[in-house]
Amino acid sequence: MGALDASIDIISMCSLTDIRKKSQQLCELFIGLLAEKNSDLNLVSPRQTDLRGAHIAFMHFDAYAISRALSAAGIVCDFRAPNLIRFGLAPLYIRYIDVFNTVSLLARILNEESYRAPQFQQKVTVT
């Protein structure tokens, strides 16, 4: 309970406005970096920051395999059938460098097409 109390104290020092602002900045950074590095993913979340929460979703025909390749590399994302990859960008613990590193890895997976490897094609119960 001590750790929980400490975390609540830290969170209570942040305003909801600041938390929301950071979530918007994280999403904008992710979208912008990805657009610079790769155009194979199509943003399906609203482009306007005021119309979305702290997550973004992209469409790709091979979304399942891409999400598996990301997971194998330690990146947590959601696969949503039939062809969406969703990233939650929680502003209280996701850093800007985390977004940069994730987008760099995602772009490499897409550009090298490493998601086409057989181990990422296998269907598993939980993604």
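What you see is a predicted model; the values in this text were computed from it and never measured.

Asker: Teacher, can you tell me more about the side chain of Arg52 here?
Answerer: For Arg52, the location among the structural elements is in the loop between strand S1 (42–43) and strand S2 (55–59). By relative accessible area, which is 7% here, Arg52 ends up buried. Reaching out from Arg52, the side chain makes a polar contact with the backbone oxygen of Pro46 at a distance of 2.7 Å.

Asker: Would you mind showing me how to read the layout of surface pockets here?
Answerer: Over the atoms rolls a probe the size of a water molecule, and its path tells where empty space is left. The computed volume of the largest pocket comes to approximately 190 Å³. In terms of lining residues, the largest pocket is bounded by 14 residues, among which Ile75, Val76, Gly88, Ile94 and Thr102 are the most central. Among the elements of the structure, strand S4 (84–88) and helix H4 (96–112) are those that each provide at least two residues to the lining of the largest pocket. Residue classes in the lining of the largest pocket are distributed as eight nonpolar, three polar and three charged.

Asker: Looking at this model, I keep getting lost on the packing of helix H2 (residues 16–37) against H4. Mind explaining?
Answerer: With their axes 9 Å apart at the nearest point, H2 and H4 run at an angle of 30 degrees to one another. When the axis of H2 is compared with that of H4, the two are roughly parallel. Like other packed secondary-structure pairs, H2 and H4 cross with a definite hand, here right-handed. The residues of H4 that touch H2, namely those facing Lys22, Gln25, Leu26, Leu29, Phe30, Leu33, Leu34 and Lys37, are Tyr96, Val99, Phe100, Thr102, Val103, Ser104, Leu106, Ala107 and Asn111. Counted by class, the contact of H2 with H4 contains 11 nonpolar, four polar and two charged residues.

Asker: Got a minute to help me understand the packing of aromatic side chains in this structure?
Answerer: The geometry of an aromatic ring pair comes down to the distance between the two centres and the angle between the two planes. Counting across every chain of the model gives four aromatic pairs. Here Tyr64 and Phe79 contribute two aromatic rings whose centre-to-centre distance is 5.2 Å and whose plane-to-plane angle is 85 degrees, an arrangement assigned as edge-to-face. Taken together, the residues span a long stretch of sequence, with Tyr64 in helix H3 (residues 63–72) and Phe79 in strand S3 (residues 78–80) at a distance of 15 residues. One exposure class covers both Tyr64 and Phe79, and it is buried. Taken together, Phe30, Phe58 and Phe87 form an aromatic cluster joined through their ring pairs. Against the face of Tyr96 rests Lys22, its NZ or CZ located 5.5 Å from the ring centre.

Asker: So what exactly am I meant to see when it comes to the nonpolar core here?
Answerer: For soluble globular proteins, nonpolar side chains are generally found buried alongside one another. Core analysis: the biggest nonpolar cluster contains 31 residues, and Phe30, Leu70, Phe87 and Leu106 have the highest contact counts within it. Secondary structure elements with two or more residues in this core: H2, S2, H3, S4 and H4. Excluding residues within four positions of it along the chain, Leu70 makes contact with Ile75, Cys77, Phe87, Leu105, Leu106 and Ile109.

Asker: Is there a simple way to explain the environment of Leu51 in this structure?
Answerer: Structurally, the position occupied by Leu51 is in the loop between S1 and S2. Note: C-alpha distance between Leu51 and Phe120 (69 residues apart in sequence) is 33 Å.

Here is what the cut-offs are and how they apply
Residues numbered from 1 in each chain as written. Predicted model: local features only at pLDDT ≥ 70, side-chain atom pairs only at ≥ 80, totals over all residues. Heavy atoms only, no water. Helix = DSSP H or I, 4+ residues; strand = E, 2+ residues; numbered from the N terminus. Buried < 20%, exposed > 50% of the residue type's maximum accessible area, 1.4 Å probe, protein only. Polar contact = N/O pair within 3.5 Å; in protein donor to acceptor, adjacent residues only side chain to side chain. 1 Å grid on protein atoms, 1.4 Å probe; cavity = no way out; pocket = protein on both sides within 12 Å on 5 of 7 lines; lining within 4 Å. Points joined across faces, edges and corners; volume = space filled by probe spheres on them. Nonpolar A, V, L, I, M, F, W, Y, C, P; charged D, E, K, R; others polar. Axes fitted to C-alpha atoms, helices over the stretch in contact; angles between N-to-C directions. Parallel < 35°, antiparallel > 145°, perpendicular 65-115°, else oblique. Left-handed = near helix turned anticlockwise from the far one by under 90°. Contact = heavy atoms within 4.5 Å. Phe/Tyr/Trp six-rings, centres within 6.5 Å; stacked < 30°, edge-to-face > 60°. Lys NZ or Arg CZ within 6 Å of the ring centre and 35° of its normal. Core = buried A, V, L, I, M, F, W, Y, C linked by side-chain atoms within 4.5 Å.

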